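This is what each chain is made of:
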Amino acid sequence: MRFLPGRSRIRLLVVGLAAGVIVGLPGTGSAAETEYTMSVDVAGSGPAISDTMYGVFFEDINRAADGGLYAELVQNRSFEYDRLDNASFTPLTGWAPAAGSTRVEVLDDAGRLGERNRRYLSLGLPAGVINAGYNSGIRVEQGKTYDFSVWARTDATAGTPLTAALTDPAGRNLAEPLRLAVRGDGWARYSGALLARTASITGRLLVSGAGAGTLRLDMVSLFPRDTFRSRPNGMRRDLAEKVAALRPGFVRFPGGCLVNTGSHQGYEAPNWERRRSYQWKDTIGPVEQRATNANFWGYNQSYGLGYFEYFQFAEDIGAMALPVVPALVTGCGQNRATDDPALLRRHIQDTLDLIEFANGPADSTWGRMRAQMGHPQPFGLTHLAVGNEENLPDAFFVRFTEFRAAIAARYPDIIVVSNSGPDDTGGTFDRLWQLNRDAGVAMVDEHYYNSPTWFLQNNERYDSYDRNGPKVFLGEYASLDNRFRNALAEASYLTGLERNADVVRLASYAPLLANEDYVQWRPDMIWFNNRASWGSASYEVQKLFMTNVGDHVVPSTASRTPSTLEPISGAVGLSTWGTAAAYDDVLVTAADGRQLFADDFSGTDEKWTNIAGRGAWAISGGGYVQSDAVAENTMVMAGDPAWRDYDLNVKATKLSGREGFLIGFGVKDSNNYYWWNLGGWNNTQSAVEQAVGGGKQIMIADGTRIETGRQYDVRIQVRDRTVALFLDGQKWGEFTDNRRVEPFRQVVTRDLATGEIVVKVVNAQDNAARTAIELRGAPVERAARVTTLTGHPDDVNTQFTTPIAPRQSQLTVGPAFSHTFPPNSVTFIRIRTRSA
């Protein structure tokens with residue numbers, strides 16, 4: 001998961017195509033058509049497509065594990081929540097005392113269940129506690145069985161009656177209560193089943209003890225017996241089935257920012273570090289012996305869903321497991337390299353032990369642990385990634401090289417995956433790719449989250465990649481919203497991935513899951529709450545591509561959409577990001593020298609509009625000052641959005657903070673603009689970025705840094721679609737933005753098992769695409785099967801309505817036929833070749 005320094009981690013954006021990029025395309029509802037031609041060499045053969053081309057990336061973000069895929073219904077079952085996980089947490093978060101309880105407290109002392117499960121609940125009897133699970137409560141389905149378990153001990157000589165009951169919020173029973181007897185003052189596990197007789201989505205678990213004395217509880221658990229594949233400690237069925245329905249070729253896990261943030265020390269005395277990178281040995285063995293950890297995304301992770309369960313789940317859905325281990329260089333805004341040779345050696349050995357856990361015989365040290373957990377046969381691990389989105393390329397690569405060498409010496413057949421940082425371009429990206437190429441790394445993991453426009457503009461990104469260099473694993477990508485327009489842009493991009501299947505060997509959308517009541521990041525592929533789950537528009541696109549991959553590309557060509565590019569136009573802007581800055585002497589002149597705008601800030605700021613709604617702007621000391629050194633993106637705007645061919649001059653001074661300053665041009669509104677980001681990314685580089693619908697992409701960049709207290713003369717010259725930039729009178733850079741959005745894309749693949757070619761067409765525009773299609777080189781059957789996704793660009797799938805869903809139809813085809821692809825659609829046509 002990407003977390004750029006100086007950039008917000010939460011993405012709640014509505015994005016669209018930049019106005020005026022494609023002309024001649026009417027608005028939604030128009031009956032207009034654009035004409036195209038397509039030619040398919042049915043007998044031809046292009047690049048082979050990997051059997052594992054498309055997969056899923058699982059990270060515990062948005063409550064994807066606890067409260068999500070992991071089927072445990074009790075929140076904070078071992079009383080390990082802590083304010084270090086979230087400032088609002090206490091060890092009793094998720095719990096409430098039952099009526100009449102006198103002493104309910106969480107202790108951390110020598111009476112604990114185990115060293116790695118350090119807290120427990122102490123009840124002065126009679127007493128009880130109530131847990132409401134997640135969302136609106138525990139979902140209880142009539143007629144279903146729920147398995148309860150608890151570790152308990154009592155100081156009552158005669159024992160303590162313990163009752164577990166499923167109730168509604170008013171205390172009415174939803175199932176016959178389970179009655180157990182706790183005996184002895186040593187920890188023991190007690191369990192039983194509850195059969196639900198009444199349904200509820202607001203269920204509560206009431207656990208109570210009667211009599212006198214003290215009852216101690218830990219690991220209070222309630223599982224639906226109906227888990228995916230009926231596995232104990234298993235997965236929530238509906239979520240797992242939605243993932244399985246994608247037929248993923250691989251499962252990348254466990255992160256993401258969980259892997260490369262926090263301390264790399266273990267969960268051990270004397271410090272019991274809670275904010276740690278995800279370390280696999282913490283997550284295996286009996287659940288009551290697994291460590292706790294603070295989740296980077298602001299909550300606690302129990303590790304009930306651990307490495308064994310990940311491997312088992314991947315096997316259950318027929319996918320390759322692809323684990324990611326920390327490289328001892330943090331990212332996701334932390335950006336620190338751990339310089340501890342002994343700790344590095346320990347993590348390298350842990351990684352070798354992980355491979356043995358996955359692949360070793362049942363009589364090996366770690367293979368025996370796997371067998372004891374219920375899987376004597378090896379899992380067959382083939383790929384392993386070291387690190388995630390590191391922003392310190394050289395520090396990362398030194399450590400990656402040591403991991404890689406150790407793995408190659410012991411397990412030469414394992415493919416060790418490197419990465420290229422958190423973005424699709426820039427200094428970190430370029431340096432990491434250089435290091436990976438020079439070292440002959442087998443595969444490089446790329447990550448990026450961009451606007452729909454970016455995906456439509458960059459379909460040909462991998463056409464120019466070195467066919468003999470490292471292969472690409474596109475481990476994280478998404479267009480920045482969950483509307484159908486975003487899914488269309490992603491579908492268009494996938495045609496480019498398949499066309500370049502000899503370079504791009506693996507790809508996974510991210511993130512996979514989001515609990516609608518606990519969202520840290522969107523967009524997401526699958527949404528859920530405690531009672532339902534639904535696929536986003538992007539899920540439907542991913543499912544269509546993932547279940548119709550094919551074995552190799554079939555050569556095809558298509559005409560392009562007539563288009564023209566308008567000159568860059570827009571008002572001007574001033575902004576900051578985590579910085580206080582002062583501006584003065586803003587002057588805008590037309591190309592012929594006419595003055596369009598001027599402000600020396602000797603009066604009021606009435607010419608400026610705060611379009612971001614953030615920051616503390618005021619005229620002070622003869623300049624325009626934004627004094628909030630914490631606020632991010634404080635854009636103020638002035639002038640006419642129709643301006644074109646102009647020069648912008650301004651004096652800018654950084655006063656304090658972590659970055660520099662930002663000068664906007666071509667500003668349309670708060671989500672659509674260009675800006676010169678001087679001293680961005682924690683003052684490590686400078687770049688011109690274009691924002692479309694809030695999603696940004698870099699146009700040009702270098703390593704310029706900004707000094708605090710120094711006044712800079714900034715000039716930006718806009719001519720047609722060419723922009724020249726000057727800093728203190730020296731030309732800093734120039735670029736021409738001639739990128740065009742192509743809404744009509746196609747790729748064709750061959751399914752050897754069925755003898756069909758699969759014609760995949762994306763029409764990401766409001767016009768229908770009337771297309772003359774030629775199938776040459778081999779005869780075809782006349783009856784073809786068609787699957788179509790279509791809808792309004794702003795359509796969003798929800799729990800209650802799914803406007804974006806596949807529709808099946810039939811089509812008569814031949815060597816030459818015509819088909820009109822609907823506006824805003826993804827269409828797959830499966831055509832059987834006569835020779836098959």
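Residues numbered from 1 in each chain as written. Predicted model: local features only at pLDDT ≥ 70, side-chain atom pairs only at ≥ 80, totals over all residues. Heavy atoms only, no water.

Attention now moves to the overall build of the protein. Assigned secondary structure in the protein consists of ten helices and 49 strands. Computed over C-alpha atoms, the radius of gyration of the protein comes to 29 Å, within 12% of the 28 Å expected from 2.2 N^0.38 for 836 residues, which places it in the range of a compact globule. Every one of the 836 residues in the protein was classed for burial, and the buried ones make up 61%. The contacts in the protein between residues at least 6 apart in sequence include a share of 73% that link residues at least 24 apart. Here the protein displays about 29500 Å² of accessible surface, and carbon together with sulfur accounts for 49% of that area. Computing the positive centroid from 84 side-chain charges and the negative centroid from 93, the protein places the two 4 Å apart. (Helix = DSSP H or I, 4+ residues; strand = E, 2+ residues; numbered from the N terminus. Rg over C-alpha atoms; globule rule 2.2 N^0.38 Å. Buried < 20%, exposed > 50% of the residue type's maximum accessible area, 1.4 Å probe, protein only. Contact = heavy atoms within 4.5 Å. Areas by Shrake-Rupley, 256 points an atom, 1.4 Å probe, with all protein chains shown as cover. Lys, Arg positive; Asp, Glu negative; His and termini not counted. Charge placed at Lys NZ, Arg CZ, Asp CG, Glu CD.)

Throughout the structure, instances matching the rule amount to 53 salt bridges. Asp316 is the partner of Arg229 in a salt bridge, and the nearest nitrogen-oxygen pair spans 3.6 Å. Of this pair, Arg229 sits in the loop between strand S13 (214-224) and helix H1 (237-245) while Asp316 is found in helix H2 (residues 307-316), placing the two residues 87 residues apart along the sequence. Residues Arg740 and Glu742 are paired through a salt bridge, measuring 3.1 Å at the closest nitrogen-oxygen approach. Residues participating in the shared-partner salt-bridge network are Arg139, Glu141, Lys144, Asp226, Arg237 and Glu241. (Salt bridge = Lys/Arg side-chain N within 4 Å of Asp/Glu carboxyl O.)

Another point: helix H5 (residues 393-410). Helix length check: H5, at 18 residues, gives a terminal C-alpha distance of 26 Å against a target of 26 Å (1.5 Å per residue), a fit within 8%. On the buried face of H5, the contacting elements are helix H3 (341-359), strand S18 (383-386), strand S19 (415-419) and helix H6 (427-439). (Expected span 1.5 Å × (residues − 1).)

Examined against the element boundaries, Gln542 turns out to sit in helix H9 (residues 537-546). For the pair formed by Gln542 and Ala487, sequence separation is 55 residues and the distance between their alpha carbons is 8.6 Å. Non-local contacts of Gln542, meaning those with residues more than four positions away in its chain, are made with Leu246, Tyr477, Leu494, Tyr509 and Met525.

Quantified by volume, the largest pocket comes out at close to 800 Å³. For the largest pocket, the lining is made up of 34 residues, of which Phe223, Arg231, Pro232, Asn233 and Gly234 are closest to its centre. Of all the secondary structure elements, the ones that give two or more residues to the lining of the largest pocket are strand S8 (145-154), strand S11 (188-195), S13 and H2. It is H2 that provides the largest number of residues to the lining of the largest pocket, a total of five residues. (1 Å grid on protein atoms, 1.4 Å probe; cavity = no way out; pocket = protein on both sides within 12 Å on 5 of 7 lines; lining within 4 Å. Points joined across faces, edges and corners; volume = space filled by probe spheres on them.)

Here we come to H6. With 13 residues, H6 ought to run about 18 Å at 1.5 Å a step, and its terminal C-alpha atoms sit 18 Å apart, in line with that. For H6, the secondary structure elements touched by its buried residues are H5, S19, strand S20 (443-450) and strand S21 (471-479). Backbone geometry just after H6 places Gly440 at a positive phi near 70°.

Our focus in this paragraph is the sheet that holds strand S23 (residues 513-515). If you trace the three strands from one edge of the open sheet to the other, you get S23-S24-S25, paired in mixed fashion. The open sheet is flanked by S23 and strand S25 (533-535), the only strands paired with a single partner. The average angle at which neighbouring strand axes cross in this sheet is 20°, direction not considered. Here three bridges tie strand S24 (residues 526-528) to S25, and the two strands are oriented antiparallel to one another. Across the sheet, Phe528 pairs through a bridge with Ser533, a residue of S25. Of the strands in this sheet, S23, S24 and S25 are in contact with H1, which crosses S25 at around 15°. (Pairing = 2+ DSSP bridges. Axes fitted to C-alpha atoms, helices over the stretch in contact; angles between N-to-C directions.)

Enumeration according to the criterion identifies 56 aromatic pairs in this entry. Taking the centre distance of 5.6 Å and the plane angle of 35° together, the rings of Phe396 and Phe400 count as tilted. Of the two residues, Phe396 and Phe400 both sit in helix H5, four residues apart, roughly one turn of that helix. Look at Phe396 and you get buried, because its relative accessible area is 0%. Relative accessible area serves as the criterion here: at 0%, Phe400 is assigned to the buried category. Arranged with centres 5.9 Å apart and planes meeting at 45°, the rings of Trp608 and Tyr624 form a pair that is tilted. (Phe/Tyr/Trp six-rings, centres within 6.5 Å; stacked < 30°, edge-to-face > 60°.)

For Asp218, the position within the fold is in strand S13. Of the buried charged residues, Asp218 lacks a salt bridge, with Arg77 as the closest side chain of opposite charge at 7.9 Å.

If you look at the biggest cluster of nonpolar residues, it comprises 123 residues, and the most contacted ones within it are Phe311, Tyr462 and Val826. Non-local contacts of Phe311, meaning those with residues more than four positions away in its chain, are made with Phe253, Ala321, Pro323, Leu354, Phe357, Ala358, Phe379 and Leu381. (Core = buried A, V, L, I, M, F, W, Y, C linked by side-chain atoms within 4.5 Å.)

Moving on, we come to the state of the cysteines. According to the stated counting rule, one finds one disulfide in the structure shown. Covalently, Cys257 is tied to Cys332 through a disulfide, its sulfur atoms 2.0 Å apart. Sign of the S-S torsion, about -90° for the bond between Cys257 and Cys332, identifies this disulfide as left-handed. Taken together, the positions of Cys257 in the loop between strand S14 (250-253) and strand S15 (293-295) and Cys332 in the loop between strand S17 (320-325) and H3 put the pair 75 residues apart, joining distant regions of the chain. Pair check on accessibility: Cys257 and Cys332 agree, each one buried. (Disulfide = S-S within 2.5 Å.)

Right, let's get into the confidence of the model for the protein. Residues with a pLDDT of 70 or more make up 96% of the protein, whose mean pLDDT is 94. Note on residues 2-30: pLDDT is under 50 here. Beyond four places in sequence and across chains, it has 89 contacts. (pLDDT = per-residue confidence, 0-100.)

Within the secondary structure, Arg118 sits in the loop between strand S4 (103-107) and strand S5 (120-124). For Arg118, the side chain forms a polar contact with the main-chain oxygen of Glu115, separated by 3.1 Å. (Polar contact = N/O pair within 3.5 Å; in protein donor to acceptor, adjacent residues only side chain to side chain.)

Right, let's talk about the environment of Ala294 for a bit. Checked against the element boundaries, Ala294 lands in strand S15. Taking the C-alpha atoms as reference, Ala294 lies 6.8 Å from Leu84; in sequence the two are 210 residues apart. Sequence-distant contacts of Ala294, defined by excluding residues within four places in its chain, comprise Leu84, Asp85, Arg274, Arg275, Tyr299 and Gln301.

Most of strand S29 (residues 579-590) is tucked away: ten of the twelve residues are buried. The pairing of S29 with strand S33 (residues 623-626) spans three bridges and is classified as antiparallel. Across the sheet, Tyr583 pairs through a bridge with Tyr624, a residue of S33. Strand direction decides the pairing type here: S29 and strand S30 (residues 595-599), joined by four bridges, are antiparallel. The residue bridging Leu587 from the neighbouring strand is Ala598, located in S30. Hairpin remark: S29 followed by S30, antiparallel, with four residues in the connecting loop; positive phi at Gly593, about 95°.

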